[in-house]
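# Architecture and fold: a report
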Amino acid sequence: MIRILAATVLTVTLVPALPAQASSARKAPAKAWDLDGDGRRDVVVTGFTKEGRDAVRLRVEYTRTKKRTTLVRTSPILKKIFRNDLMPWGQPVSADFDRDGYADLAWAFGEAGGAYRPFVLYGGAKGLTGKSALLPFFDGNGTKTPLRTGDFNGDRRTDLAVTDKTSAVTFSFSGRKAKIRAQRFPAAYPEPEGFSTGDFNGDGYGDLIVSDDQRWMISLGTPKGIGPVREITGPAPRDLSIRHNSAAGDFDGDGYDDLVVEYLTDAGTDDPELVVAFGGPATPFTRVQRFSESTLTGAQKANWFGFSLAVGDVNGDGRSDLAVGDRTRVFVLYGSKKGLNLRSFQTFSASTRGLPHPKPLRPGFGEQLRLTDITGDGRPDLHIAYAAHRKWIVLRTVKRRVSPVKPRVFTP
């Protein structure tokens, strides 16, 4: 356990050591999700088998070779991690953390409702290698918010970011070593609920945004890594309280990352709102965009709007686009000079023509979303998790729009 007294910087050696390179020729760092380093992003899906929550499963299909790696709790690589009935937390994130030419996966485990601890699964020439590394706990609390990635010190290497109950923490990797930098929250700050990363002030360094149900804290990136955590004015009026879902992207294409956050009204979960807070050169945020499901459709059909979020440039115009799930439908909104275009958007559900129609139709369509290119055309494809039927549905991007024609279906 590592105790953080103020700003903490230390270097640890990850055990076990990383696998040796097969060749002395060093490969360029791989793109996220390209676990076998062949230049194509691979499909990574997670879920549970029919046996229930104790049967956690992670499946990788390698895009070019069509080969698969399936990991369950009893697989050697996961058995040593998910010990004592510990459960996975959230979804994996990907980057070539050790810069060996093969993307890696970072995930977290812990007790249900308790603290979680991150770990890394390393990629190699044939995909996942069976090598892994556990990252340290901080203050015994573990991470409570989703894992995020970013370049927080401007060295063009992808770092991993987490939070625990007291601190924001980043891991900067170099081979089999990780430099840990942590910044404590102010003493009066409660346990964080929301957590996002992006370059919100456009200075070339990744920043961290942490929130509880009302207040916002920011840690700006610097050449040394994340700086002190300080409170800023939140991006939404006080009539709303934060759920916990958030994401970042440059929706108006001005060169500054913007933050999108799911909010609840004071009345409860009726018609949740999404708030886009636009970044800028000064302390963000001075301009916001608010909308709800009823804003888009004229009526509210579910009270989980914003349950899942994913960001990517679907139409290739240089602006980020946003996929939003409400557990029954998925909306795709496109970026514009003024922010997200609320008049021209796409909607998909389990009953959309061209998509598989499992029966009975159950809630849970779009509980998890991802925008990742697996076809190699440079445009992100929309990955939709339908947990109730144990399916991941991938919709291709065709002619600058997401298409329901000939979807690919994967099972965890």
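Just so we're clear, the structure is a prediction, and the values are computed from it rather than from any experiment. (Residues numbered from 1 in each chain as written. Predicted model: local features only at pLDDT ≥ 70, side-chain atom pairs only at ≥ 80, totals over all residues. Heavy atoms only, no water.)

### What about the sheet that holds strand E33 (residues 408-410)?
- As summarised here, the arrangement of the four strands in space is E28-E29-E30-E33, forming an open sheet in which the pairing is antiparallel. Each edge of the open sheet carries a strand with a single partner, namely strand E28 (365-372) and E33. Going from strand to strand, the sheet's axes swing by 25° on average, the running direction of each strand aside. (Pairing = 2+ DSSP bridges. Helix = DSSP H or I, 4+ residues; strand = E, 2+ residues; numbered from the N terminus. Axes fitted to C-alpha atoms, helices over the stretch in contact; angles between N-to-C directions.)

### Some thoughts on the sheet that holds strand E24 (residues 308-312)
- Read across the open sheet, the four strands follow the order E24-E25-E26-E27; overall the sheet is antiparallel. What marks the edges here is a single partner per strand, and that holds for E24 and strand E27 (339-349). The sheet shows a mean angle of 20° between the axes of neighbouring strands, direction not considered.
- The sheet contact formed by E24 and strand E25 (residues 321-325) spans five bridges and is antiparallel. Bridge pairing links Val311 to Leu322 in E25.

### Notes on the packing of aromatic side chains
- This structure, assessed with the given rule, holds nine aromatic pairs.
- Residues Phe200 and Phe285 carry aromatic rings whose centres are separated by 5.8 Å and whose planes lie at 75° to one another, so their mutual orientation is edge-to-face. Placement of the pair is Phe200 in the loop between strand E14 (194-198) and strand E15 (207-211) and Phe285 in the loop between strand E22 (268-278) and strand E23 (287-292), with a sequence separation of 85 residues. Like Phe285, Phe200 is buried.
- Relative to Phe331, the ring of Phe305 lies with its centre 5.6 Å away and its plane at 80°, an arrangement referred to as edge-to-face. Of this pair, Phe305 sits in the loop between helix H2 (293-297) and E24 while Phe331 is found in strand E26 (residues 329-336), placing the two residues 26 residues apart along the sequence.
- On the accessibility criterion, Phe305 (0% relative accessible area) is buried. (Phe/Tyr/Trp six-rings, centres within 6.5 Å; stacked < 30°, edge-to-face > 60°. Buried < 20%, exposed > 50% of the residue type's maximum accessible area, 1.4 Å probe, protein only.)

### Topic: the pattern of salt bridges
- Summed over the entire model, instances satisfying the criterion amount to nine salt bridges.
- Each of the salt bridges in this network shares a partner with another, and the network as a whole consists of Glu61, Arg68 and Arg408. (Salt bridge = Lys/Arg side-chain N within 4 Å of Asp/Glu carboxyl O.)

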